[in-house]
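# Geometric and topological summary
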Amino acid sequence: MSEFFKFEDTSRDIPYYRHNPKISKIAWIILLLTVPISFLVYAIFSFENEILASILFALILLIPLMYFSNWDFSLIFHKPTKSEIILAVILFVGYMIYAIAIGGVLDAFGQTSAVTGEYFGLSWEMLFSLVFSMLAEELIKFIPLMFFMRFVFKFTNNRKLSIVVSSAIVLIFFGLLHYDPQVTPLISVLLIQGFGSIFELYGYVKTKNLFVPYLCHLMTDGFIFLLMLLIGG
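Heads up: these notes are all about the structure in this document. (Residues numbered from 1 in each chain as written. Predicted model: local features only at pLDDT ≥ 70, side-chain atom pairs only at ≥ 80, totals over all residues. Heavy atoms only, no water.)

### Description of helix α1 (residues 25-45)
Counted at 1.5 Å a residue, the expected span for α1 with its 21 residues is 30 Å, and the 30 Å between its end C-alpha atoms agrees. Looking at α1, one finds that the buried residues are A27, W28, L31, T34, V35, S38 and V41. Residues of α1 that are buried in the fold lie against α2 (50-68), α5 (124-156) and α6 (159-177). (Helix = DSSP H or I, 4+ residues; strand = E, 2+ residues; numbered from the N terminus. Expected span 1.5 Å × (residues − 1). Buried < 20%, exposed > 50% of the residue type's maximum accessible area, 1.4 Å probe, protein only. Contact = heavy atoms within 4.5 Å.)

### A short note on the packing of α1 against α2
The relative placement of two packed helices is expressed as an angle between their axes plus a distance between the axes. Contact geometry for α1 and α2: axes closest at 8 Å, N-to-C directions at 175°. Here α1 is positioned roughly antiparallel relative to α2, judged by the angle of their axes. Mapping the contact onto sequence places A27, I30, L31, T34, V35, I37, S38, F39, V41, Y42 and F45 in α1 and E50, L52, A53, S54, L56, F57, I60, L61, P64, L65 and F68 in α2. (Axes fitted to C-alpha atoms, helices over the stretch in contact; angles between N-to-C directions. Parallel < 35°, antiparallel > 145°, perpendicular 65-115°, else oblique.)

### Description of the environment of V164
On the secondary structure map, V164 appears in helix α6. Residues V164 and I63, 101 residues apart in the sequence, show an inter-C-alpha distance of 27 Å.

### Observations regarding the environment of K141
Within the fold, K141 resides in helix α5. In this structure K141 comes out as buried when scored by relative accessible area, which is 8%. In this structure, the C-alpha to C-alpha distance between K141 and V35, residues 106 residues apart in sequence, is 9.3 Å. Apart from the residues lying within four places of it in its own chain, the contact partners of K141 are V170, F174, S197, E200 and H217. A distance of 2.9 Å separates a polar atom in the side chain of K141 from a polar atom in the side chain of E138. (Polar contact = N/O pair within 3.5 Å; in protein donor to acceptor, adjacent residues only side chain to side chain.)

### Some remarks on the packing of aromatic side chains
Any pair of aromatic rings gets described here by the distance separating the centres and the angle formed by the planes. Summed over the entire model, instances satisfying the criterion amount to 21 aromatic pairs. Ring centres 5.8 Å apart and planes at 65° place the aromatic pair W28 and F147 in the edge-to-face group. Here the residue W28 occupies a position in helix α1, and F147 occupies one in helix α5, the gap between them amounting to 119 residues. For W28, a relative accessible area of 8% puts it in the buried group. What links up through ring pairs into an aromatic cluster is the set Y16, W28, F142, F147, F148, F151, F155 and Y204. Positioned above the aromatic ring of F5, the side-chain terminus of K160 is 5.6 Å from the ring centre. (Phe/Tyr/Trp six-rings, centres within 6.5 Å; stacked < 30°, edge-to-face > 60°. Lys NZ or Arg CZ within 6 Å of the ring centre and 35° of its normal.)

Set out below in C-alpha cells:
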C-alpha cells in the first residue's frame, strides 16, 4: 500500500518528518517559539507601520526555518507551475463557496460569521501588507504541521496517519488564533478560518509547494479586504 494519498504529487515529499533533513530538538523548540514571538512583534509594530509589522511577522518565521534547513528553499518553495496556479485559483473559489455556505448556516442559527466580523478598520496599506502577512500565516501553519508530522511519524512510522493527525491539530490551532469572543463565536472561527484552511492544506500536501496555499490565501484575504474597502469607501 502506498504511503502517499492518491491526490498527491509523488515526485516530491513533505520535508523534515523522516529526517529529510534532520532538525534537532533545540531547533524545533526555536522554530515553535517563533510563532508566538512573531505575533508579539506584529502586534507591537502594527500600530505604527502595518507594512513593516507584516514584513517582520514573516521574516521572524522564515529566517530561522531557512537557517535550520541549510538555506535550501527548495524544501518548501518551488516556482509555481501553470497547473499549480490554476489549482490555487480553484481552491480560492472553493474556499469562498465553503465560507459563504457555512456563514449562511451560522447566521441562520444566530451566530455571527467570522468572514464579515473580522475586517473592520481596513486601509489600503493593510491590503498591500497581505503580501507578507499571508506568507507569515502559511508559515504559522507549516511549522507546527511539520513538527507534529515528525512527532507522530516517530512513534507510528505511518505517513498518512501523521498527515491526518497533524492537519487536524493545525486546523484547530489556526482557527483558535482568530478567536475573539467580543467579535465572533468560537464555532465560527473553527469552521471558517480553522477547518476552512483545509483548502490551503490540501494544496500544500498535493504539491509540496508552499507557494500554492500562499497564493490561495493571498487571493482569499485580498479579495475580501478589497471588497470591504470598496464597500466601506
